[in-house]
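One letter stands for each residue in the lines below.
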Amino acid sequence: LIAKIKALLNLAQSENVHEAELATLKANQLLLKHNISHYNFGASDKKTYTHVIHSSKRKNAKMSCIYDILKHFMVRPVFIHGKGQMSLEVSGRIESVELAEYVAGYLDLELESLWKKNKSESLKGTKAKNSFFHGIALGYDQKMQGLKANLKTEEQKALTKIEKDMDILMNQIYRRLSHSSSKSSYDSNAFNQGKMTGQNLTINKSVKNKSGSKLISWRK
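Residues numbered from 1 in each chain as written. Predicted model: local features only at pLDDT ≥ 70, side-chain atom pairs only at ≥ 80, totals over all residues. Heavy atoms only, no water.

A. Region of the structure containing the pattern of salt bridges. Across all of its chains, the model carries seven salt bridges by this definition. A salt bridge links Asp 68 to Lys 71; its shortest N-O distance comes to 3.4 Å. The residue Arg 93 makes a salt bridge to Glu 95 at a minimum N-O spacing of 3.6 Å. One exposure class covers both Arg 93 and Glu 95, and it is buried. Among the charged side chains, a network of salt bridges with common partners joins Lys 62, Asp 108, Glu 112 and Lys 129. (Salt bridge = Lys/Arg side-chain N within 4 Å of Asp/Glu carboxyl O. Buried < 20%, exposed > 50% of the residue type's maximum accessible area, 1.4 Å probe, protein only.)

B. Up close: unusual backbone geometry. Located in the positive-phi region is Met 74, a residue other than glycine, with phi close to 60 degrees. Looking at the secondary structure, you find Met 74 in the loop between helix 3 (61–70) and strand 2 (76–82). Assessed through its relative accessible area of 9%, Met 74 is described here as buried. (Helix = DSSP H or I, 4+ residues; strand = E, 2+ residues; numbered from the N terminus.)

C. View of the nonpolar core. Membership of the largest hydrophobic core comes to 44 residues, with the highest contact counts inside it found for Leu 70, Leu 107, Ile 136 and Ile 203. Elements with a minimum of two residues in this core: helix 1 (2–11), helix 2 (17–38), strand 1 (47–56), helix 3, strand 3 (85–92), helix 4 (94–118) and helix 5 (126–148). Of the residues forming this core, the biggest block, eleven residues, is contributed by helix 4. The contacts of Leu 107, once residues within four sequence positions are left out, are Ile 66, Ile 69, Leu 201 and Ile 203. (Core = buried A, V, L, I, M, F, W, Y, C linked by side-chain atoms within 4.5 Å. Contact = heavy atoms within 4.5 Å.)

D. Seen up close, the side chain of Arg 76. Position of Arg 76 among the secondary structure elements: in strand 2. At 3.3 Å, the side chain of Arg 76 and the backbone oxygen of Glu 163 are in polar contact. Setting aside residues no more than four positions away along its own chain, Arg 76 makes contact with Lys 71, Glu 89, Val 90, Ser 91, Glu 163, Met 166, Asp 167 and Met 170. (Polar contact = N/O pair within 3.5 Å; in protein donor to acceptor, adjacent residues only side chain to side chain.)

E. Up close: the packing of helix 1 against helix 4. Helix 4 packs onto helix 1 with a crossing angle of 35 degrees between their chain directions and a minimal axis gap of 11 Å. Once helix 1 is placed against helix 4, the crossing between them reads as right-handed. Here helix 1 contributes Ile 2, Ile 5, Lys 6 and Leu 9 to the contact with helix 4, which in turn contributes Glu 95, Glu 98, Leu 99 and Tyr 102. Residues of the contact of helix 1 with helix 4, tallied by class, amount to five nonpolar, no polar and three charged. (Axes fitted to C-alpha atoms, helices over the stretch in contact; angles between N-to-C directions. Left-handed = near helix turned anticlockwise from the far one by under 90°. Nonpolar A, V, L, I, M, F, W, Y, C, P; charged D, E, K, R; others polar.)

Here's what the structure looks like:
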């Protein structure tokens, strides 16, 4: 499954816009159909896996961007506060968690690369960079919402059910989970540039995982 999805995501780097969008849609449909066929409460295996896929000294705009994008890959991301460290952890079926790790590894490098490409005299500094990353997250979300609209009616209904079930499960795993948001000012020019970049973002490179950490299962 992961190999097929990665192959489709590699096709998504095509210069042909229609071909790239079709490959991205097919990759997401493949993951969705796999989850629809396996994510049912009558199945014998009800394991949900949790895995830390990214860590930093503190929460930052790039981590938040990765967090928002990962929500489109059939996992539930969450920030875990530790002593002198902030970790990004995801929960879901093992296939989705493995794919999320792949996506996060790619984004960790690609977001920095995209910022360097867009950086200019009028687009520089920490505020602009953070705004750019927030814009990418929104742009990617808008892109994925458009792709989901192309799903069949029964697939859209199944996706809604799966997401509700995942939300319930998240509340069971992280009962004391709290949400925090940043109120920092933003650069509208950088944000808009980031949004356009996010609408064209594709996950198309393999990044080897260096953490060596293991997946932890949590049985419902």
